[in-house]
Amino acid sequence: KQWYQRRVRGANQDTYAQVESLHQDKDFRVKVTREEMENLFADLFPRFQAPFVDAINSAGISKPEIEQVVLFGGGTRIPKIQEQILKATDQKELHKYINTDEAAAMGSAFMAASSSSVFRTKQIKLRDANQFPFFVSFNKLVLNEEGAVTEEKLVNKELYYRNNGIPQKKAMTYTKFTDDFHFNVSYGNLEHLSERQASEFATLPLMMVNVKGVKDVFNQHHDKTSKGIKAHIMVDDSGLIGVESVEAIFETIVANKTETGWMESVSNFFTGNSDDEGEKKEEKKEEAKEGEKKEEEKKEE
């Protein structure tokens, strides 16, 4: 019914608004003209430009770079809203060739089929942009020449920037910790929001992560070189952030061949010589030596 009324308001200059059983089972029905509706919502229409201006600024493009604006959604059928869109984007015309109701239903069906293991369809990938930057804060250990901790400094690092593609996984590597530690995840710079919007965000960290068992792992691998502790932090399709895993990385140094041996192996690779051929050469040398010995014995006789 609402869909029908939007279509009617978008095409006609007047229509009837109706509320069934408004009072004592009696229906309310009144005629509403386009002029009356636009006067009622005159203070709201300029607000429709704000989302377009924000999208253009976030994308880092200018209005002349916009190739076309395609309308999608029932509210875009209202002529006054279309007028505001034209002003916000500096376009001469709007493209209305998409049936928004069918497109939404068909897109949802194909996305559901692509996500299911029952149906075989072409893979549909959706990439969204993260609207809120995320910071990781931790106490950085400052070590002296002997490796002892002299002080701790609070470090804030922006791990996910605004408009980073999601879903996405990033890693933070901690190289100074050899014992249990913790780090916090919180929202980053929210200057792109209004004061009212920013006030709705909590000042406390979104997440406090305690990493335990670090000392035991280092004791188990004391004979290896530590390459740090890596925390894998992921933002999912819904923009929710979480820690996927934490791992300690160690390096084992393996003794390499001597430089001469390495060069010989490379030379054999390019010349086509193999170990078998080397053995054959050694056998020929031994045969030649035996022949020389026999000749010397004959001369002595």
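Residues numbered from 1 in each chain as written. Predicted model: local features only at pLDDT ≥ 70, side-chain atom pairs only at ≥ 80, totals over all residues. Heavy atoms only, no water.

### Comments concerning the packing of aromatic side chains
Overall, the coordinates contain 11 aromatic pairs when judged by the stated rule. Summarising the aromatic geometry, the rings of Tyr-174 and Phe-177 are spaced 6.0 Å apart at their centres and angled 65° between planes, so their arrangement reads as edge-to-face. What makes Phe-177 buried here is its relative accessible area of 10%. Clustering of aromatic rings is evident, with ring pairs tying together Phe-138, Tyr-174, Phe-177, Phe-181 and Phe-183. A cation sits over an aromatic face here: Arg-29 above Tyr-16, 4.0 Å from the ring centre. The positively charged end of Lys-170 is found above the aromatic ring belonging to Tyr-160, 5.0 Å away from the centroid. (Phe/Tyr/Trp six-rings, centres within 6.5 Å; stacked < 30°, edge-to-face > 60°. Buried < 20%, exposed > 50% of the residue type's maximum accessible area, 1.4 Å probe, protein only. Lys NZ or Arg CZ within 6 Å of the ring centre and 35° of its normal.)

### Observations concerning helix α4 (residues 79-89)
Taken together, the buried positions of α4 are occupied by Ile-81, Gln-82, Gln-84, Ile-85, Ala-88 and Thr-89. Viewed along the axis of α4, the buried residues span an arc of 160°, placing them on a single side of the element. On its buried face, α4 sits against α3 (49-59). Phi turns positive, to about 60°, at Asp-90, one or two residues after α4. (Helix = DSSP H or I, 4+ residues; strand = E, 2+ residues; numbered from the N terminus. Arc of directions from axis to C-beta. Contact = heavy atoms within 4.5 Å.)

### Quick notes on the nonpolar core
In this structure, Val-136, Tyr-174, Phe-181, Phe-183, Ile-233 and Ile-241 are the most contacted members of the largest nonpolar core, which totals 24 residues. Elements that contribute at least two residues to this core include exactly β4 (134-143), β5 (149-160), β7 (168-174), β8 (181-187), β9 (207-211), α7 (214-220), β10 (225-235) and β11 (241-251). Once residues within four sequence positions are removed from consideration, Phe-183 is found in contact with Val-136, Ser-137, Phe-138, Tyr-174, Met-207, Met-208, Val-209, Val-211, Ala-231, Ile-233 and Val-243. By size, the runner-up hydrophobic cluster in this structure holds 10 residues, among which are Phe-45, Leu-71, Ile-78 and Ile-81. (Core = buried A, V, L, I, M, F, W, Y, C linked by side-chain atoms within 4.5 Å.)

### Comments concerning the sheet that holds β10
A sheet is described by the order of its strands in space; here three strands give the open sequence β7-β10-β11, paired in antiparallel fashion. Looking along the sheet, the strands with just one partner apiece sit at the ends: β7 and β11. Put simply, the sheet's adjacent strands are angled 25° from each other on average, direction ignored. In terms of strand pairing, β10 meets β11 through 10 bridges, oriented antiparallel. When the bridges of β11 are listed, Ile-229 appears paired with Ala-248. (Pairing = 2+ DSSP bridges. Axes fitted to C-alpha atoms, helices over the stretch in contact; angles between N-to-C directions.)

### Quick notes on the packing of α3 against α4
Interaxial distance between α3 and α4 falls to 9 Å at its minimum, and their mutual angle equals 30°. Accordingly, the angle class assigned to the pair α3 and α4 is roughly parallel. The handedness of the crossing between α3 and α4 is right-handed. On α4, the residues that touch Gln-49, Phe-52 and Ile-56 of α3 are Gln-84, Ile-85, Lys-87, Ala-88 and Thr-89. Residue classes in the contact of α3 with α4 are distributed as four nonpolar, three polar and one charged. (Parallel < 35°, antiparallel > 145°, perpendicular 65-115°, else oblique. Left-handed = near helix turned anticlockwise from the far one by under 90°. Nonpolar A, V, L, I, M, F, W, Y, C, P; charged D, E, K, R; others polar.)

### So, the environment of Lys-212
Within the secondary structure layout, Lys-212 lies in the loop between β9 and α7. The spacing of Lys-212 and Asp-180 is 32 residues in sequence and 4.9 Å in space, taken between C-alpha atoms.

### Some thoughts on helix α5 (residues 100-115)
Along its 16 residues, α5 runs 22 Å from first to last C-alpha, staying within 8% of the 22 Å computed at 1.5 Å per residue. Among the residues of α5, the N-terminal cap falls to Asn-99, whose side-chain oxygen and the backbone nitrogen of Glu-102 are separated by 3.2 Å. (Expected span 1.5 Å × (residues − 1). Polar contact = N/O pair within 3.5 Å; in protein donor to acceptor, adjacent residues only side chain to side chain.)

### Here we look at the side chain of Gln-82
Along the polypeptide, Gln-82 turns up in helix α4. Beyond its immediate stretch of four places on either side in the chain, Gln-82 contacts Leu-71, Thr-76, Arg-77, Leu-94 and Lys-96.

### Overview of the confidence of the model for the protein chain
Overall, the predicted model of the protein chain reaches an average pLDDT of 79, with 80% of residues at or above 70. Low pLDDT, under 50, characterises residues 257-271; the predicted model gives this stretch one contact beyond four residues in sequence or across chains. Under a pLDDT of 50 for its full length, residues 296-301 has, in the predicted model, zero contacts with residues more than four places off or in other chains. (pLDDT = per-residue confidence, 0-100.)

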